[in-house]
Amino acid sequence: MVSHEGLGLLSRLFDGQEQRTTSVLPAEMAVFEHFAGEQPVTGAEDMLIPFAYEETLCRDVGAGTVPPSLHLWSHPGGVALGLRDSKLPFAAAAMAELEGAGIRTAVRHSGGAAVPLDAGIVNVSLILPKAPGKLDFHDDFRLLASLIAEAAAVSHPQAAARIRAGEIAGSYCPGDFDLAIGGRKFCGIAQRRQSSAYFVHAFVVVSGSGQERGELIRGFYETASGGDESLVYPRVRPETIAALGELGGPDAAAVFAAVIRQAAASRGVQLTSAAQLRQETGYDLQYSDPRVLEAAEILRERYAR
């Protein structure tokens with residue numbers, strides 16, 4: 001459920017169009033965290049490992065072997081492309097250019113276009129079982145968007161009150177559920193569904209320079225398109241991107257992770273850490289798990305450029 005205060009925030013977030021969300025968080029959720037630089041994580045430098053981890057976790061949630069889950073993670077430095085990006089005529093050259101600069105690249109399986117990944121970007125995923133009947137993915141996007149806004153309000157209420165949802169023209173990976181303050185985007189949302197479960201995923205720019213990240217993605221498209229203006233790809237204007245910290249919100253990954261957990265708890269969700277889950281049930285999914293590595297290889301082969 002959402003508190004009265006949360007409903008007000010939700011109404012402002014969608015400019016009064018959405019007074020409620022029909023999707024709610026489960027009463028109990030497991031929390032898995034993998035943050036760049038906090039501790040060595042086997043395979044963390046591989047761009048596809050976090051996505052393969054969520055693919056594996058999603059299957060386990062669907063099978064009922066693990067509770068609905070919240071996954072918080074970051075990557076040391078890379079660019080995750082959408083499938084359409086990888087089909088641009090000079091995409092291979094653009095990816096090689098990034099790799100030569102020490103920026104890892106991969107094609108991701110969730111929807112959307114190219115996005116940067118680095119230690120200042122917190123990735124937030126809700127991994128949930130499918131309910132019987134038809135699901136409206138817009139409800140799930142609203143659910144995650146409202147949770148992120150509520151999280152920002154925990155530590156920076158004035159900035160959170162200015163968050164709005166809606167496509168930001170000129171941003172990278174533009175979509176209907178972009179989150180922005182003052183017209184500058186700091187978050188985009190995508191999703192992927194399996195037969196028995198699904199996940200909704202947000203890329204939240206927390207710290208660092210949004211404009212520099214926008215310039216990175218614009219440079220990729222300039223090379224990948226070969227300057228062909230007839231091609232369909234996002235025309236990125238770097239000034240439309242900002243980090244939450246630049247917009248008066250949380251300015252550190254650890255702070256944002258803490259307020260996300262607090263926002264979920266404020267909704268009445270009982271959160272169980274990965275360590276506690278391992279102790280209580282024996283469930284222990286690591287980046288180095290053979291199932292995760294196998295899923296990464298499958299993704300690599302399926303979405304290879």
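Described below are features of the structure shown in this document. These numbers come from a predicted model, not from an experiment.

## Regarding the pattern of salt bridges
Part 1: Overall, the coordinates contain 16 salt bridges when judged by the stated rule.
Part 2: With its nearest N and O atoms 2.8 Å apart, the salt bridge here joins R213 to D118. Of this pair, R213 sits in helix α6 (residues 210-225) while D118 sits in strand β5 (residues 115-118); the two residues are 95 residues apart in sequence, bridging distant segments of the chain. Of the two residues, R213 and D118, neither departs from the other in class, the shared state being buried.
Part 3: Of the charged contacts, one joins R193 and D140 as a salt bridge, the two residues approaching to 3.0 Å between their closest N and O atoms.

## Notes on the packing of helix α4 (residues 137-155) against helix α7 (residues 253-266)
Part 1: Direction vectors running N to C along α4 and α7 enclose 110 degrees, while the axes themselves pass 8 Å from each other. By the angle between their directions, the pair α4 and α7 is classed as roughly perpendicular. Helix-helix and strand crossings are classified by hand; for α4 and α7 the assignment is right-handed. Contact with α4, carried on its side by L147, I148, E150, A151, V154 and S155, involves F256, V259, I260, Q262, A263 and A264 of α7 and no other residues of that element.
Part 2: Here the contact of α4 with α7 is built from residues that sort into 9 nonpolar, 2 polar and 1 charged.

## Regarding unusual backbone geometry
Part 1: Phi at C173 takes a positive value of approximately 50 degrees, unusual for a residue other than glycine.
Part 2: Counting through the fold element by element, C173 comes out in the loop between β7 (163-165) and β8 (179-181).

## Quick word on the packing of aromatic side chains
Part 1: By the definition in use, this model includes 7 aromatic pairs.
Part 2: Both rings, one in F141 and one in F177, keep their centres 5.4 Å apart while their planes meet at 80 degrees; by these two values the pair is edge-to-face. Note that F141 is positioned in helix α4 and F177 in the loop between β7 and β8, a separation of 36 residues in sequence. Each member of the pair F141 and F177 is classed as buried.
Part 3: What links up through ring pairs into an aromatic cluster is the set F32, Y53, Y283 and Y287.
Part 4: Over the aromatic face of Y198 sits the side chain of R193, whose NZ or CZ is 4.5 Å from the ring centroid.
Part 5: The ring of Y233 has R235 lying over it, and the distance from NZ or CZ to the ring centre is 3.9 Å.

Procedures and definitions
- Residues numbered from 1 in each chain as written.
- Predicted model: local features only at pLDDT ≥ 70, side-chain atom pairs only at ≥ 80, totals over all residues.
- Heavy atoms only, no water.
- Salt bridge = Lys/Arg side-chain N within 4 Å of Asp/Glu carboxyl O.
- Helix = DSSP H or I, 4+ residues; strand = E, 2+ residues; numbered from the N terminus.
- Buried < 20%, exposed > 50% of the residue type's maximum accessible area, 1.4 Å probe, protein only.
- Axes fitted to C-alpha atoms, helices over the stretch in contact; angles between N-to-C directions.
- Parallel < 35°, antiparallel > 145°, perpendicular 65-115°, else oblique.
- Left-handed = near helix turned anticlockwise from the far one by under 90°.
- Contact = heavy atoms within 4.5 Å.
- Nonpolar A, V, L, I, M, F, W, Y, C, P; charged D, E, K, R; others polar.
- Phe/Tyr/Trp six-rings, centres within 6.5 Å; stacked < 30°, edge-to-face > 60°.
- Lys NZ or Arg CZ within 6 Å of the ring centre and 35° of its normal.

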